[in-house]
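Here is how the chains run, residue by residue.
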Amino acid sequence: ISKVKGMEVIWCINHDANAIISHSLNHPACQHSTEDIRSFDITPLAELVKRLRAENPDCIILLHASLECTNFSNAKNGPKVADSRTLANDLFRYLDALAVDILTIENVQEFLTWGPLTVDDMPCPDRRGQTFKRWIGELRNLGYKVEHRELRACDYGAPTIRRRLFVIARCAGRPIIWPT
């Protein structure tokens, strides 16, 4: 299990083999799965989390998701694969099975405009943001406090100047604390 600033990275799931290779070089003790999160069998991960919680009842389970963003980004001129826009919905299965305490998401700013698509698989301009707002509402209905901000990661030490959307969802009435 890899140590990262007081945290242990225990599992990484990604459909892209190159992403898994890169992650495994940085976190060699972490379990890696080259799979789509929609079809991943969550049972072994849920069993590992259950064992970790039994060994340390105070541990906090954090799930970070960098959802596929190409089909939201204006750089691609709108969606081309409507199904990839549903990945955020697949996180609910993980939240439930792992009893996640904190969910963090990084994505393009256009994720805020997530809404229904037209028959040509283009965003419906009259319904911009409806699906995102519904999705945030579902997180809140599960007991999560949810906040989001558009930030430049370079202001926090990352080597990129692009503005990105960051979402934090936290349960059990605990406060959300953003980095300074």
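What you are looking at is a predicted structure, and each value in this text was computed from that prediction instead of being measured.

Engineer: Sorry if this is basic, but what is going on with the nonpolar core here?
Structural biologist: A general feature of soluble globular proteins is that nonpolar side chains tend to end up buried together. The biggest cluster of nonpolar side chains holds 38 residues, and the ones touching the most others in it are Leu45, Leu91, Trp135 and Leu139. Of all the secondary structure elements, the ones that give two or more residues to this core are strand E3 (11-14), helix H2 (43-55), strand E5 (62-65), helix H3 (87-98), strand E6 (102-107), helix H4 (130-141) and strand E8 (163-170). Counting residues per element, this core draws most heavily on H3, which supplies seven residues. In this structure, leucine 139 is in contact with Phe92, Leu95, Leu103, Tyr144, Val146 and Ala169, ignoring residues within four places of it in sequence. In terms of nonpolar packing, the next biggest core, distinct from the first, is built from five residues, Ile102, Leu151, Ile176 and Trp178 among them.

Engineer: Would you take a moment to explain the pairing of E5 for this structure?
Structural biologist: Working note: regular strand, side chains alternate between the two faces of the sheet. Only one face of E5 is covered, namely the face carrying Leu63 and Ala65; the face carrying Leu62 and His64 is uncovered. Looking at chain direction, E5 and E6 are connected through four bridges and run parallel. Residue pairing across strands places alanine 65 opposite isoleucine 105, the latter belonging to E6.

Engineer: Sorry if this is basic, but what is going on with the packing of aromatic side chains here?
Structural biologist: To describe a pair of aromatic rings, you give the distance between the ring centres and the angle between the ring planes. Inspection of the entire model under this criterion finds seven aromatic pairs. Look at tryptophan 11 and phenylalanine 40: their rings are 6.0 Å apart centre to centre, the planes differ by 70°, and that puts the pair in the edge-to-face class. Placement of the pair is tryptophan 11 in strand E3 and phenylalanine 40 in the loop between strand E4 (31-34) and H2, with a sequence separation of 29 residues. Of the two residues, tryptophan 11 and phenylalanine 40, neither departs from the other in class, the shared state being buried. In textbook terms, an aromatic cluster arises when at least three aromatic residues are bridged by ring pairs, as seen for Phe92, Phe111, Trp114, Phe132 and Trp135.

Engineer: Is there a simple way to explain the sheet that holds E6 in this structure?
Structural biologist: Within a sheet, neighbouring strands are paired by backbone hydrogen bonds and run either parallel or antiparallel to one another. Across the sheet, four strands lie side by side as E5-E6-E8-E7; this open sheet has mixed pairing. Two strands close off the open sheet at either side, each with one partner strand: E5 and strand E7 (145-152). Averaged over neighbouring strand pairs, the angle between their axes works out to 15° when direction is ignored. Direction of pairing for E7 relative to E8: antiparallel, over a ladder of eight bridges. From the neighbouring strand, arginine 152 faces E8, where its bridge partner is arginine 163. Along the sheet, H3 contacts E5 and E6; its crossing angle with E5, the most-contacted strand, is approximately 165°. Strands E6, E7 and E8 of the sheet are contacted by H4, whose axis makes an angle of about 135° with E7.

What counts and what doesn't
- Going along each chain's sequence as written, the residues are numbered from 1 onward.
- The model is predicted, so local features are restricted to residues of pLDDT at least 70 and side-chain atom pairs to those at 80 or more, both for listing and for counting; the totals for chains, interfaces and linings are taken over all residues.
- Remark: hydrogens and water are excluded; side-chain values derive from all non-hydrogen atoms of the structure.
- Among the buried residues, those of types Ala, Val, Leu, Ile, Met, Phe, Trp, Tyr and Cys that are joined through side-chain atoms within 4.5 Å form a nonpolar core.
- Each residue is placed in one exposure class: buried if its accessible area under a 1.4 Å probe, protein chains only, is under 20% of its type's maximum, exposed if it is over 50%, and partly exposed if it falls in between.
- Helix and strand definitions here come from DSSP, where helices need a minimum of 4 consecutive H or I residues and strands a minimum of 2 consecutive E residues; each element is numbered from the N-terminal end.
- By the convention used here, residues are in contact when the closest approach between their heavy atoms is within 4.5 Å.
- A pair of strands is labelled paired if DSSP reports no fewer than 2 bridges between them.
- Between the rings of Phe, Tyr and Trp (Trp by its six-membered ring), a pair exists once the centres lie within 6.5 Å; its type follows the angle of the planes, with under 30 degrees stacked, over 60 edge-to-face, and the other angles tilted.
- Convention adopted: a line fitted to C-alpha atoms gives each axis, helices being fitted over their contacting stretch, and angles between N-to-C directions are expressed from 0 to 180 degrees.

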